[in-house]
Structures are given as C-alpha cells and as structure tokens.
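Spelled out, the chains give:
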Amino acid sequence: MSEKTIFKRIIDGEIPCQKVYEDDRCLAFHDISPQAPTHVLVIPKKEIESVETLDDTDAAMIGHLWLVIRNLARELGLAESGYRVVVNCGADGGQAVPHLHYHILGGRSLSWPPG
Ligand code: 5GP
C-alpha cells in the first residue's frame, strides 16, 4: 500500500492543522508556509492525486469545492479586494503534495504572470 500523503494525514487527524472549514466532502486550513497575508488550502476528503486524475463522477464534488472557496473568500474578507485561486498540477505546475488542493491567496496585490 502506498504511503499516505501529508494531506490525507491531516484529513485523518494524524497531523494538526489550523482548520477554517470542514464538511463531509472537504476540509480547509491555513497553509503552513503562507505566500500571502491570507493563504488557505481547500482539499477534497476523497483521495484524488491531481486535476489530471479527476473522474467524471467527481464533477458535483468539484462544483461544491468552488462554492466553498467562494464562501471562504467572503468570510476571510477577501471578496471585495480580490484574491487568487491556484491549483498546481504535476511537476511543471509546481505541485508538491499529490492530493488535489486549491490555494486561496489574498490580502495583497498579486503579480501576474506567476514565475
Ligand atoms: P503545492 O505546491 O503542492 O501546490 O502546495 C502544497 C502546499 O501545502 C504548500 O503551499 C505547502 O506550504 C503546504 N503544506 C505542506 N505541508 C503542509 C502541512 O503539513 N500543513 C499545512 N497546513 N500546509 C502544508
């Protein structure tokens, strides 16, 4: 059996996190190494490696995650000034943790294009 990812260990409560939201399908918590004044990660509880391994049956859950992201951005006070949602995919995308996750970044002006 392959080793649990760090995010699966957080979902299972084996590693602590600064939780901001949880429901039956997802968990949101502060990034351990924030790249902006607000940097929250939203992850599905289902073990999905990346966008690349999404299944058609995940469509409703992914839609739910986007609504959670919208709600969190509002609750975190980012909605008015704006924010960025980032999903890194694979090596060139800079994905370090092989469990699908959405970065919500805000609280400062973010440059474009990314490095
Ligand atoms: P990626 O580069 O895979 O898109 O992003 C992974 C993110 O997970 C990084 O921003 C990193 O700081 C964060 N991260 C890695 N390990 C932990 C951890 O144990 N706890 C938390 N809260 N964030 C983590």
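Engineer: What am I meant to see in the overall build of the protein here?
Structural biologist: If you tally the helices and strands in the protein, you get three helices and five strands. Listed N to C, the secondary structure of the protein is α-β-β-β-α-β-α-β in terms of helices and strands. Computed over C-alpha atoms, the radius of gyration of the protein comes to 14 Å, within 12% of the 13 Å expected from 2.2 N^0.38 for 115 residues, which places it in the range of a compact globule. Principal-axis analysis of the C-alpha atoms gives the protein an extent of 45 × 30 × 30 Å. Counting across all 115 residues of the protein, residues that qualify as buried make up 37%. Within the protein, contacts between residues at least 6 apart in sequence are counted, and of these 54% link residues at least 24 apart. For the protein, the exposed area adds up to about 7100 Å²; of that, 51% sits on carbon and sulfur atoms. Each charge class in the protein can be summarised by its mean position, and for the 11 positive and 16 negative side chains these summaries are 6 Å apart.

Engineer: Looking at this model, I keep getting lost on the packing of aromatic side chains. Mind explaining?
Structural biologist: Centre-to-centre distance and the angle between the planes together describe a pair of aromatic rings. On inspection of all chains with the given rule, the structure shows two aromatic pairs. Taken together, a centroid distance of 5.7 Å and an interplanar angle of 75° make the contact between Phe7 and Phe29 edge-to-face. Remark: Phe29 occurs in strand E2 (residues 26-30) and Phe7 occurs in helix H1 (residues 6-11); sequence separation between them is 22 residues. Relative accessible area serves as the criterion here: at 7%, Phe7 is assigned to the buried category. Using a relative accessible area of 3% as the deciding quantity, one classes Phe29 as buried.

Engineer: Can you help me understand the sheet that holds strand E3 (residues 38-44) in this one?
Structural biologist: Pairing in this open sheet of five strands is antiparallel, and the strands run E1-E2-E3-E5-E4 from one edge to the other. The two strands at the open ends of the sheet, each matched to only one other strand, are strand E1 (19-22) and strand E4 (83-86). Along the sheet, successive strands turn relative to each other by an average axial angle of 15°, direction set aside.

Engineer: Explain the site of the ligand here, please?
Structural biologist: Of all residues adjacent to the ligand, which total 16 residues, the nearest are Asp31, Asn88, Ala96, His101 and His103. Gly94 places a polar main-chain atom, nitrogen or oxygen, 2.9 Å from an oxygen atom of the ligand. Take Ala96: an N or O atom from its main chain is 2.6 Å from an oxygen atom of the ligand. Protein coverage of the free-state accessible area of the ligand, which is 530 Å², stands at 83%. Those elements that place two or more of their residues in the shell around the ligand are H1 and E2. Here the shell around the ligand takes three residues from H1, the largest share from any one element. Among the residues forming the shell around the ligand, the class breakdown is eight nonpolar, seven polar and one charged.

Cut-offs and rules
- Residues numbered from 1 in each chain as written.
- Predicted model: local features only at pLDDT ≥ 70, side-chain atom pairs only at ≥ 80, totals over all residues.
- Heavy atoms only, no water.
- Helix = DSSP H or I, 4+ residues; strand = E, 2+ residues; numbered from the N terminus.
- Rg over C-alpha atoms; globule rule 2.2 N^0.38 Å.
- Buried < 20%, exposed > 50% of the residue type's maximum accessible area, 1.4 Å probe, protein only.
- Contact = heavy atoms within 4.5 Å.
- Areas by Shrake-Rupley, 256 points an atom, 1.4 Å probe, with all protein chains shown as cover.
- Lys, Arg positive; Asp, Glu negative; His and termini not counted.
- Charge placed at Lys NZ, Arg CZ, Asp CG, Glu CD.
- Phe/Tyr/Trp six-rings, centres within 6.5 Å; stacked < 30°, edge-to-face > 60°.
- Pairing = 2+ DSSP bridges.
- Axes fitted to C-alpha atoms, helices over the stretch in contact; angles between N-to-C directions.
- Near = heavy atom within 4 Å.
- Polar contact = N/O pair within 3.5 Å; in protein donor to acceptor, adjacent residues only side chain to side chain.
- Nonpolar A, V, L, I, M, F, W, Y, C, P; charged D, E, K, R; others polar.

Just geometry here; none of it tells us what the structure is for.
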